[in-house]
Structures are given as structure tokens and as C-alpha cells.
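Residue-level listing of the chains:
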Amino acid sequence: MNVEIADKIHDVIIIGTGMGSLTTACLLAKDGYEVLVLERNLLPGGCVSSYYRKGFVFEAGATTLVGLDEHMPLKYLLDETGININAQQLDPPMQVHLKNNVSLTRHQDIDDWIAEAERVFGIKNQRAFWEYCYKVSRFVWETSLQQLSFPPTQLRDLLPMAKNFRPRQLGYAKAAFTSMKALLAKYDLLDNSSFVDFVNEQLLITAQNKIEEVNVLFGATALCYTNYGNYYVPGGLINLVQPLCDYINDHKGYVATRTKAIRIDKPNGVYQIQARHRKQEFTLKAKRIVSGIPLNNTLELFSLPTRKKSLMESAQLVSAFSLGVGFRPHKTPDCIHHQIHLKQPLPLIAADSIFVSLNHPDDLSRTPEGMAVLNVSTHVHHPEKNYTFDKEIVQQSIINTLIKHDFLKQENIQYVHASTPSSWENWTGRKYGFVGGYPQYLKIKPWRMNDARLDGKAAYVCGDTTYPGQGIPGACLSGIIAYQKMKLDGII
Ligand SMILES: Cc1cc2nc3c(=O)[nH]c(=O)nc-3n(C[C@H](O)[C@H](O)[C@H](O)COP(=O)(O)OP(=O)(O)OC[C@H]3O[C@@H](n4cnc5c(N)ncnc54)[C@H](O)[C@@H]3O)c2cc1C
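Note that the structure is a prediction, hence the values are computed from the model and not measured.

A word on the overall build of the protein
Stage number 1. Looking only at helices and strands, one finds 15 helices and 18 strands in the protein.
Stage number 2. Computed over the C-alpha atoms, the radius of gyration of the protein is 22 Å, within 12% of the 23 Å expected from 2.2 N^0.38 for a compact globule of 492 residues.
Stage number 3. For the protein, the spread of C-alpha atoms along the three principal axes comes to 65 × 55 × 40 Å.
Stage number 4. With 492 residues in all, the protein has 48% of them scored as buried.
Stage number 5. Expressed as a percentage of contacts within the protein between residues at least 6 apart in sequence, the contacts between residues at least 24 apart total 71%.

The following block contains the structure:
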């Protein structure tokens with residue numbers, strides 16, 4: 001942090017280098033604004049990052065990537081800015097290993113996928129169910145980039161919404177009131193217990209909740225995640241966020257790593273951010289602020305009155321237990337992402353499934369020669385209550401599962417390390433170490449989700465706790481929306 005940065009009044013200061021903040025930062029940089037991005041860590045990306053240990057490059061959090069197809073937020077960002085990402089499409093996107101030892105492939109092509117679902121879950125109503133879900137998911141993606149002033153919280157949001165209104169949008173409104181459980185009942189699939197288990201575990205990956213709580217708009221889109229282009233970024237997902245940081249640095253901006261925002265106020269009409277770089281404290285000044293950290297953290301930083309926000313507390317949230325394993329592979333995988341449904345829940349954290357992602361076999365940049373790397377993640381509910389635990393016990397249970405499913409051989413394991421909610425709080429600063437955004441709850445309709453406006457003046461918020469949140473596509477869209485609302489408010 002140099003004196004020049006500390007002395008001037010910046011056009012915009014953005015807190016965090018998560019996918020939400022980097023999206024807003026790049027769009028502002030494209031418009032010519034000088035953007036200072038503060039990141040408390042040495043590496044950018046937050047939950048989308050990669051790090052090096054003992055010769056292996058592990059993913060920090062996210063491993064699957066969608067959002068590069070037509071009508072999707074990441075594609076919008078790349079098209080707007082001209083940023084290039086080296087991403088390679090996966091075929092197939094995912095495999096799922098059920099409790100009854102049956103494995104299935106989540107083909108991207110919808111007809112291939114329906115045939116696979118019929119093979120495994122029986123012919124009854126699978127086609128009708130999946131065709132409906134796919135139709136809803138296409139509607140959600142197409143509409144999300146058309147309605148960038150959603151959710152409306154001011155009169156001025158309504159005009160662009162009305163301009164972009166299409167009658168068919170009304171037809172889907174009732175899907176926001178209906179649970180996935182009700183949809184399964186409608187298709188007479190609730191008695192198909194193996195299918196219900198499958199849907200529940202798949203929803204957990206993207207919606208962080210189960211059929212009773214996830215609405216059809218979100219749930220159908222989450223279930224059809226694999227029916228869109230799924231991508232792998234060679235070298236790890238750090239290579240998704242680093243080009244965004246480079247773009248900011250190349251366009252008058254600056255990404256200041258190891259710089260933590262510790263308090264924000266606004267004494268004389270200019271935002272003042274108390275920040276710490278290593279052991280030194282600075283006061284930084286800005287005309288506008290965007291916070292890309294969770295609302296729970298943002299409101300603790302902000303010593304100014306803010307607009308009403310609905311905060312979720314630990315009991316409603318989830319964190320992750322994750323494992324990185326460097327090993328010598330005994331076979332070449334034909335798919336890199338796998339969800340394994342467990343016969344017995346994991347000890348201590350009671351998770352019913354684990355998600356396993358391997359490095360792409362063609363990607364030799366993440367391991368020493370002849371080796372492979374995998375990441376495992378699973379859910380930890382109520383992270384404040386389950387902040388730390390004996391991670392060896394959970395780790396061993398996961399390793400045993402990986403061996404049983406033939407991903408690994410014990411003697412080939414070279415390096416293992418595990419992270420609990422406390423590690424997540426250390427890495428990302430997120431309160432309680434909760435990750436994955438605010439889970440879906442039926443009572444929170446899309447239009448009641450948190451808006452990007454923070455103080456009703458020139459402070460905004462994005463990331464996976466604001467609309468629409470969750471996952472890389474959701475966080476990226478939240479960043480686009482924060483930028484659009486700044487425009488709509490005449491702040492930029
Ligand atoms: C284990 C795991 C697996 C996941 N898997 C997937 C997946 O496969 N696909 C997918 O799409 N999504 C996945 N997700 C979710 C997805 O990664 C996140 O929802 C999304 O990346 C969150 O982005 P964000 O913008 O909210 O910011 P965050 O990722 O939370 O980043 C915020 C950044 O701000 C920094 N920061 C915090 N406080 C301060 C401060 N005071 N000052 C300065 N900097 C600060 C943090 O260090 C961090 O870098 C996964 C998440 C986890 C944890």
C-alpha cells in the first residue's frame with residue numbers, strides 16, 4: 001500500500017475479490033472508473049481460488065463452473081469487457097453414485113439425461129418432470145439478464161422492469177411460491193424414494209437446501225445445472241479470477257492484496273475506510289463503496305445507518321468440510337466431478353453426500369509428474385455450533401469412502417489436508433465460516449431477497465448473500481446487478 005493510494009479520494013473502493021466484487025469492479029473499470037479493490041488475503045478469489053501446497057494446486061472452494069453459455073452472467077461479463085478465460089468444456093459434466101451402488105451420468109444433452117434418469121429411477125414421469133424443469137431453467141437464465149433492476153426496492157427500478165416485461169414472465173411467477181416437494185408430488189414422484197434422495201442431494205450442491213424449502217424457480221434451475229456447459233479451468237479456478245484482477249490493474253485500478261477493511265464511515269460526505277495492510281493502518285477515502293463480503297460481515301464493518309436487510313444467522317446457514325488430497329492415480333478418470341451419496345452419514349457432521357472433483361487428466365500444471373489431485377467438500381450445518389471438531393475422524397471416513405469407490409488407493413496418497421468452518425472463516429473472513437451463500441428458504445421469495453443498495457446513498461453490496469446469490473453464476477449476477485443499480489441511481 002503506497003502513500004499515493006492512501007492520500008487520494010478514489011472513484012470507487014470495493015471490498016473483497018470474490019466473484020461478486022470482481023464482476024462489479026471490472027464493469028466499473030471498463031467505464032473508466034478508477035477502482036481500488038481491497039483483499040485481506042494474499043490470493044484473490046475468496047471461495048473461487050486455488051492454492052499451492054507440497055507440489056499440488058488445490059481448489060480453495062468451488063470446483064464446478066457454469067455461466068459461459070448464452071444468457072449467462074459470466075459470458076455477459078466477458079463479452080462486456082473482452083476478458084479471455086481459458087476454459088475447457090466438460091463431457092460429461094458429472095457422475096452421481098447412489099446409496100444402492102448404482103452410478104449415473106449427468107449428461108448435458110437433455111434427452112440423453114432423461115434416458116439415463118429413466119434407466120435408473122424408472123420410466124414413470126421422468127420425461128415430463130425433466131422437460132418441465134429444463135423449460136423453467138431456460139426461462140430463469142433468459143430472464144435474469146433482462147431484469148437487472150430486480151428485486152425492485154425503489155420506484156426507479158420499476159421502469160426498466162416494465163420495459164423488459166414479457167407476458168410469459170407472469171406464467172412462471174407461481175413457480176416462486178411452489179416447493180420442489182410440491183412439484184415432485186405433482187409428477188407423482190414423491191413415492192420414488194431413490195429419486196427423492198437424488199433430488200435432495202443434488203439440490204444441496206447449488207441451493208443449499210432440500211425439496212421442502214427450495215422453490216421451483218430456483219430448484220429446477222439448480223437441478224438442470226449439468227444441462228448447460230460445465231467448464232474446467234486449467235491450473236485451477238485462480239485462473240478464472242486472476243484475469244479479472246489483471247483487467248482491473250490494466251484499467252487504472254488496483255487490487256490491493258493483504259489489505260483488510262476494518263471499518264467504514266462517512267464523516268464529511270466522503271466514505272472513509274479504515275484498512276490494515278500487514279501491521280500498518282490507513283484511512284482510505286472513496287466517493288462510492290461496494291462491499292463484496294457477506295451481509296453479516298458488511299453490516300459489522302459499516303458504522304452508518306443502512307437500509308433494512310434480512311440477515312440469516314448460523315442456524316439457517318451452512319459451511320463446508322473440505323479435503324484436498326494429492327495422490328498417485330491408479331487409473332484415468334472419464335469424468336472429473338462426482339457426487340457420492342453415503343450409506344451412513346459422515347461422523348460428527350452427519351452429511352449424507354460428498355462432492356469430489358479431480359484435476360482434468362490433461363491438466364499437468366496442478367501436480368508433480370504422474371500425480372493427481374482431488375478436492376472433496378461436504379456440508380456442515382449451523383457452522384457457529386460446529387465451528388471446529390476432530391477433523392481426523394471425518395477425514396478418515398471420507399478417505400475410506402474414496403477408497404471404496406475406487407478413486408484412491410491408501411498406499412498412493414501423498415498429501416492430505418482438511419478444512420473446517422474455522423478454516424473457512426480464516427480463509428475468507430466470512431462470519432462463522434459460512435459459505436455457499438444464503439440457502440434457499442421457501443418463505444423468502446425472489447423479490448424479498450436482499451437488494452444491492454446498502455445505505456441509499458453511494459454504498460452498494462454484492463456477493464452470494466444478495467440477490468440472486470449462490471455459486472459463481474449467482475455471485476457474478478449480483479455484481480452485474482450492483483453495477484446496474486449504481487447506473488440507475490445516477491451514482492455512475
Ligand atoms: C467448498 C465450496 C465449494 C463450492 N463449490 C462451488 C461450485 O462448485 N460451483 C460454484 O459455482 N460455486 C461453488 N461454491 C460457491 C461459490 O464459490 C461462492 O458462492 C462464490 O464464489 C462467493 O462469491 P462472493 O462474491 O460472495 O465472495 P467470497 O468468495 O466470499 O469472497 C469475498 C472475498 O472478500 C475478502 N474479504 C473478506 N473480508 C474482507 C475485508 N474486511 N477486507 C478485505 N477483504 C475481505 C475475502 O478474503 C474473500 O476473498 C462453493 C463454495 C465453497 C466454499
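Focus: the pairing of strand β14 (residues 337–341)
Stage number 1. Of all five residues making up β14, four are buried, and the element is well covered by its neighbours.
Stage number 2. Note that strand β6 (residues 94–97) and β14 share three bridges and pair parallel. Bridge pairing links H97 to I340 in β14.
Stage number 3. As paired elements, β14 and strand β15 (residues 353–358) share five bridges and run antiparallel to each other. Each residue of the ladder has a partner; that of Q339, found in β15, is F355.

A look at the site of the ligand
Stage number 1. Inspection of the region around the ligand gives 38 residues, with G16, G18, G20, G46 and G463 positioned closest.
Stage number 2. Elements that contribute at least two residues to the shell around the ligand include exactly α2 (19–30), β10 (259–265), β13 (318–327) and α15 (471–488).
Stage number 3. By residue class, the composition of the shell around the ligand is 12 nonpolar, 21 polar and five charged.
Stage number 4. Each of domain 1 (3–86 + 234–311 + 439–488) and domain 3 (314–433) gives at least three residues to the shell around the ligand.

Overview of the environment of N359
Stage number 1. Structurally, the position occupied by N359 is in the loop between β15 and β16 (372–381).
Stage number 2. Take N359: there are 28 C-beta atoms within 10 Å of it, and that puts it in the buried class.
Stage number 3. Considered as a pair, N359 and Y232 are 127 residues apart in the sequence and their alpha carbons are 8.7 Å apart.
Stage number 4. In contact with N359, other than residues within four places in its own chain, are R366, T367, A372 and V373.

What to know about the environment of I491
Stage number 1. Here I491 shows up in the segment after α15.
Stage number 2. The exposure class assigned to I491 is partly exposed, which follows from the 16 C-beta atoms found within 10 Å.
Stage number 3. Remark: the alpha-carbon pair of I491 and A458, spanning 33 residues in sequence, is separated by 6.4 Å.
Stage number 4. Every residue in contact with I491, bar those within four places of it in the chain, is listed here: R288, A458 and M486.

Overview of the domain arrangement of the protein
Stage number 1. Examined at the domain level, the protein breaks down into domain 1 (3–86 + 234–311 + 439–488), domain 2 (91–228) and domain 3 (314–433).
Stage number 2. Distance from the C-alpha centre of domain 1 to the C-alpha centre of domain 3: 27 Å.
Stage number 3. Counting residues at the interface gives 21 residues for domain 1 and 22 residues for domain 3.
Stage number 4. Among the elements of the structure, β4 (56–59) and α12 (295–301) are those that each provide at least two residues to the side of domain 1 that touches domain 3.
Stage number 5. Per-element accounting of the side of domain 1 that touches domain 3 gives the leading share, four residues, to β4.

Brief notes about the sheet that holds β6
Stage number 1. With respect to topology, seven strands assemble into an open sheet ordered β7-β6-β14-β15-β16-β13-β17, the strand pairing being mixed. Of all the strands in the sheet, just β7 (103–106) and β17 (413–419) have a single pairing partner and so form its edges. Ignoring strand direction, the axes of neighbouring strands in this sheet form an average angle of 20 degrees.
Stage number 2. Taken strand by strand, helix α14 (residues 421–428) contacts β13, β16 and β17, and its axis lies near 90 degrees from that of β13.

Quick word on helix α10 (residues 216–223)
Stage number 1. Of all eight residues that make up α10, eight are buried, and the element is covered over most of its length.
Stage number 2. Looking at the buried side of α10, the elements it contacts are α5 (126–144), α7 (167–173), α8 (180–186) and α9 (193–207).

Some points on α2
An α-helical turn contains 3.6 residues, so a residue and the one three or four places further along point in the same direction.
Stage number 1. With 12 residues, α2 ought to run about 16 Å at 1.5 Å a step, and its terminal C-alpha atoms sit 16 Å apart, in line with that.
Stage number 2. Among all positions in α2, only M19, G20, S21, L22, T23, T24, A25, C26, L27, L28 and A29 are buried.
Stage number 3. Each element contacted by the buried residues of α2 is listed here: β1 (9–15), β2 (35–38), α3 (73–81), α11 (238–250), β12 (280–291) and α15.
Stage number 4. Trailing α2 by a residue or two, G32 shows a phi angle of about 100 degrees, which is positive.

Re the packing of helix α4 (residues 110–121) against α5
Each pair of packed helices can be summarised by the angle the axes make with each other and by the distance between the axes.
Stage number 1. Where α4 meets α5, the axes come as close as 9 Å, and the angle between the chain directions of the two elements is 140 degrees. If you check the angle between α4 and α5, you find them oblique. For the pair α4 and α5, the crossing hand works out as right-handed. Residues I110, W113, I114, A117, E118 and F121 of α4 pack against Q126, R127, W130 and Y134 of α5.

Describing the nonpolar core
Stage number 1. Membership of the largest hydrophobic core comes to 137 residues, with the highest contact counts inside it found for I13 and I248.
Stage number 2. The greatest single-element share of this core, amounting to nine residues, is contributed by α15.
Stage number 3. Ignoring anything within four residues of it in the chain, the contact list for I248 reads A25, C26, A29, V35, V37, G253 and V255.

Definitions and cut-offs
- One numbering rule holds for all chains: residues counted from 1, following each sequence as written.
- Predicted model: local features are reported for residues with pLDDT of at least 70 only, side-chain atom pairs are reported and counted for 80 or more only, and whole-chain, interface and lining totals are derived from all residues.
- Under the scheme used here, helices are H or I runs from DSSP no shorter than 4 residues and strands are E runs no shorter than 2 residues, and both carry numbers assigned from the N terminus.
- Note on method: radius of gyration uses C-alpha positions; expected globular size equals 2.2 Å times residues raised to 0.38.
- Every C-beta atom is placed from the backbone, and the number of other C-beta atoms within 10 Å of a residue's own sets its class: buried at 20 or more, exposed at 12 or fewer, partly exposed in between.
- Our contact criterion uses C-beta atoms placed from the backbone: two residues qualify when those atoms are within 7 Å.
- Following DSSP output, two strands are said to pair if at least two bridges run between them.
- Nearness here has a simple definition: the residue's C-beta atom, placed using the backbone, must lie within 6 Å of the molecule or strand.
- When residues are grouped by polarity, Ala, Val, Leu, Ile, Met, Phe, Trp, Tyr, Cys and Pro land in nonpolar, Asp, Glu, Lys and Arg in charged, and all others, Gly among them, in polar.
- Residue ranges labeled as domains rest on an automatic or database domain assignment.
- Here an axis means a line fitted to C-alpha atoms, over the contact stretch when the element is a helix, while the angle between two N-to-C directions is reported on a 0 to 180 degree scale.
- Multiplying 1.5 Å by the helix residue count minus one yields the expected span of that helix.
- Roughly parallel here means an angle under 35 degrees, roughly antiparallel means over 145, roughly perpendicular means 65 to 115, and every remaining angle is called oblique.
- Note: crossing handedness is left-handed where the near helix turns anticlockwise from the far helix by less than a right angle, and right-handed where it turns clockwise.
- Note on definitions: a nonpolar core is a set of buried residues drawn from Ala, Val, Leu, Ile, Met, Phe, Trp, Tyr and Cys, linked by C-beta atoms within 7 Å.

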